[in-house]
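Spelled out, the chains give:
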Amino acid sequence: MNLTRKQQDLFYFLLNNLDNLPQPLTLEALCSAMGLKSRGSLHGHIKALIDAELLEAPERKQRGIRLTERGKSYAKPKPNTQETRLPLVGVIAAGRPIEALENISYITVPHQLQTEKPCYVLKVKGDSMIEQGIFDGDWVIIEQRSHARNGEIVVALIDKSDATLKIIEQYPHETLLIPANPDLNVMRYRPEQIEIQGVLVGQMRSYVSHH
C-alpha cells in the first residue's frame, strides 16, 4: 500500500476498531475515538484511503466512514478465540539434547505471544538466560525457522546433538552463543557446527500452585 505512516495508522485503526465505533461513523466521532484534538489532517488521510479504494467514497445518502471489500480483506481472519493451542515438544536445558516428551501435549497460548508462522513451545530448564527474564520452568514460544538476526534468542543445535537457548551472533568465521547470565561464558563455534532450529517470539511463566 502506498500510504504514509499516518494514513496506514488510520487505516489499521479503522480495520481493528470500526465494528466497535458508533455507526454511521462521522469524522467528529472518529476524531474523538482516536484522541485527536482537531480534524485537521484527518480529512486528507480519509481522502487518501478513499483514493486507495480502502474506504467507501461518501455518497449523498452519507452512510458514514466505511471500509470497502478490498479494505476489509486486509483484516486478519479472527479466530474464534484469541488463543491457540501449540505443541509443547520438550524441555530445553543449556547444552543438552532437547528432552522430547513421550507424548506431545498442547498448551493454550495467547495470540500476541506467537507469530503467523508455525510455532512450538519448549520448557526451559536452568538459569543460563535469567538476565533476559527467562527463568527455570518458563515456557518459551519458538517460531520455527532456520535463520536469525544477530541479537535474537534462538534454539541452536550444536554439532547435531546438543540444543541450547541462547542469544546468537553470527560472523563469517564463527558463531557466538551468548548466555544471559554473568556467571557463564560465551560459547564460540565454527558456523557449520550450529544449526538454528527456531527463534524465541514469546514466553509464559508457569504459575503452578503447589498444594
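Residues numbered from 1 in each chain as written. Predicted model: local features only at pLDDT ≥ 70, side-chain atom pairs only at ≥ 80, totals over all residues. Heavy atoms only, no water.

**Digging into unusual backbone geometry**
Keep in mind that most residues, glycine aside, have a negative phi and that most peptide bonds are trans.
Then, in step 1: Not every positive phi belongs to a glycine, and Glu53 is a case in point at roughly 60°.
Then, in step 2: Here Glu53 is to be found in the loop between α3 (42-51) and α4 (69-72).
Then, in step 3: Although it is not a glycine, Lys160 sits at a positive phi angle of roughly 60°.
Then, in step 4: Assignment of secondary structure puts Lys160 in the loop between β5 (153-158) and β6 (162-170). (Helix = DSSP H or I, 4+ residues; strand = E, 2+ residues; numbered from the N terminus.)

**A word on the pattern of salt bridges**
Then, in step 1: Evaluated as defined, the whole model comprises nine salt bridges.
Then, in step 2: Here Glu192 makes a salt bridge to Arg190, at a shortest N to O gap of 2.9 Å.
Then, in step 3: Taking the relative accessible area as the measure of exposure, Arg190 reaches 48% and is therefore partly exposed.
Then, in step 4: Among the charged side chains, a salt-bridge network with shared partners connects Glu143, Arg145, Arg149 and Glu152. (Salt bridge = Lys/Arg side-chain N within 4 Å of Asp/Glu carboxyl O. Buried < 20%, exposed > 50% of the residue type's maximum accessible area, 1.4 Å probe, protein only.)

**Regarding the packing of helix α1 (residues 5-17) against α3**
A pair of packed helices is characterised by two quantities: the angle between their axes and the separation of those axes.
Then, in step 1: At their nearest, the axes of α1 and α3 sit 10 Å apart, and the two run at 75° to each other. Here α3 runs roughly perpendicular to α1, going by the angle between their axes. On the side of α1, the interface is formed by Lys6, Gln7, Leu10, Phe11 and Leu14, while α3 contributes Leu42, His45, Ile46, Ala48 and Leu49.
Then, in step 2: Taken together, the residues of the contact of α1 with α3 break down into seven nonpolar, two polar and one charged. (Axes fitted to C-alpha atoms, helices over the stretch in contact; angles between N-to-C directions. Parallel < 35°, antiparallel > 145°, perpendicular 65-115°, else oblique. Contact = heavy atoms within 4.5 Å. Nonpolar A, V, L, I, M, F, W, Y, C, P; charged D, E, K, R; others polar.)

Geometry only, nothing functional implied.
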